[in-house]
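# Structural characterization, general
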Amino acid sequence: MIKETTKTEVEAMPAFDAYLMQLRDLNDIVYTMGQHIKLTKSGDHYVCACPAHLENENCCRVSPDTQGFYSEGCCGAGGDIFNFISLMNNISYMDAVVLMAKKTGIPVPE
Ligand SMILES: [Zn+2]
């Protein structure tokens with residue numbers, strides 16, 4: 001007999017935001033960005049070239065605390081690890097989530 005998923009189990013599934021938080025926890029933005037761009041430590045954060053066009057060295061600021069990046073020195077690109085992956089691969093935010101999910105081995109909740 002096939003066990004049916006009960007309503008309680010569905011409700012117990014983490015919300016999508018919680019899922020994104022989990023993926024962010026498992027994929028450090030400094031480590032991930034460091035695999036693509038040269039990061040230079042500067043006090044409590046890192047600086048690097050803007051991920052949107054990879055020029056203007058050190059115009060982008062990466063924060064290990066907030067797990068975010070912001071290119072205040074040029075085009076204003078910024079966001080979280082998924083925004084970075086989407087910029088680097090020229091894919092949508094959602095595709096970036098799916099890509100990180102595959103890499104991390106945690107399936108995207110339906
Ligand atoms: Zn820029």
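Anyway, here's the lowdown on the structure attached to this text.

Moving on, we come to the environment of L20. Tracing the sequence through the fold places L20 in helix α2 (residues 16-26). Taking the C-alpha atoms as reference points, L20 and F82, 62 residues apart in sequence, are found 9.1 Å from one another.

Since one α-helical turn is 3.6 residues long, residues separated by three or four positions face the same way. Taking 1.5 Å of rise per residue, the twelve residues of helix α5 (residues 93-104) would be expected to cover 16 Å, and the 16 Å separating its terminal C-alpha atoms lies within 8% of that figure. In this structure, the buried residues of α5 make contact with α2 and α4 (81-89).

Take the environment of N56 next. Here N56 lies in the loop between β2 (45-48) and β3 (60-63). Along the sequence, N56 and C74 sit 18 residues apart, while their C-alpha atoms lie 7.6 Å from each other. Residues in contact with N56, not counting those within four places in the same chain, are A49, C50, G73 and C74.

Quick look at the pairing of β2 now. Of the two faces of β2, only the one carrying Y46 and C48 is buried; H45 and V47 on the other face are not. Where strand β1 (residues 40-42) meets β2, three bridges bridge the pair, whose relative direction is antiparallel. Its bridge partner lying in β2, S42 is registered against H45. Two successive antiparallel strands, β1 and β2, enclose a turn made up of two residues, where G43 displays a positive phi of approximately 65 degrees. In this structure, β2 lies alongside β3, joined through three bridges in antiparallel fashion. When the bridges of β3 are listed, C48 appears paired with C60.

Definitions and cut-offs
Residues numbered from 1 in each chain as written. Predicted model: local features only at pLDDT ≥ 70, side-chain atom pairs only at ≥ 80, totals over all residues. Helix = DSSP H or I, 4+ residues; strand = E, 2+ residues; numbered from the N terminus. Expected span 1.5 Å × (residues − 1). Contact = placed C-beta atoms within 7 Å. Buried ≥ 20, exposed ≤ 12 C-beta atoms within 10 Å, placed from the backbone. Pairing = 2+ DSSP bridges.

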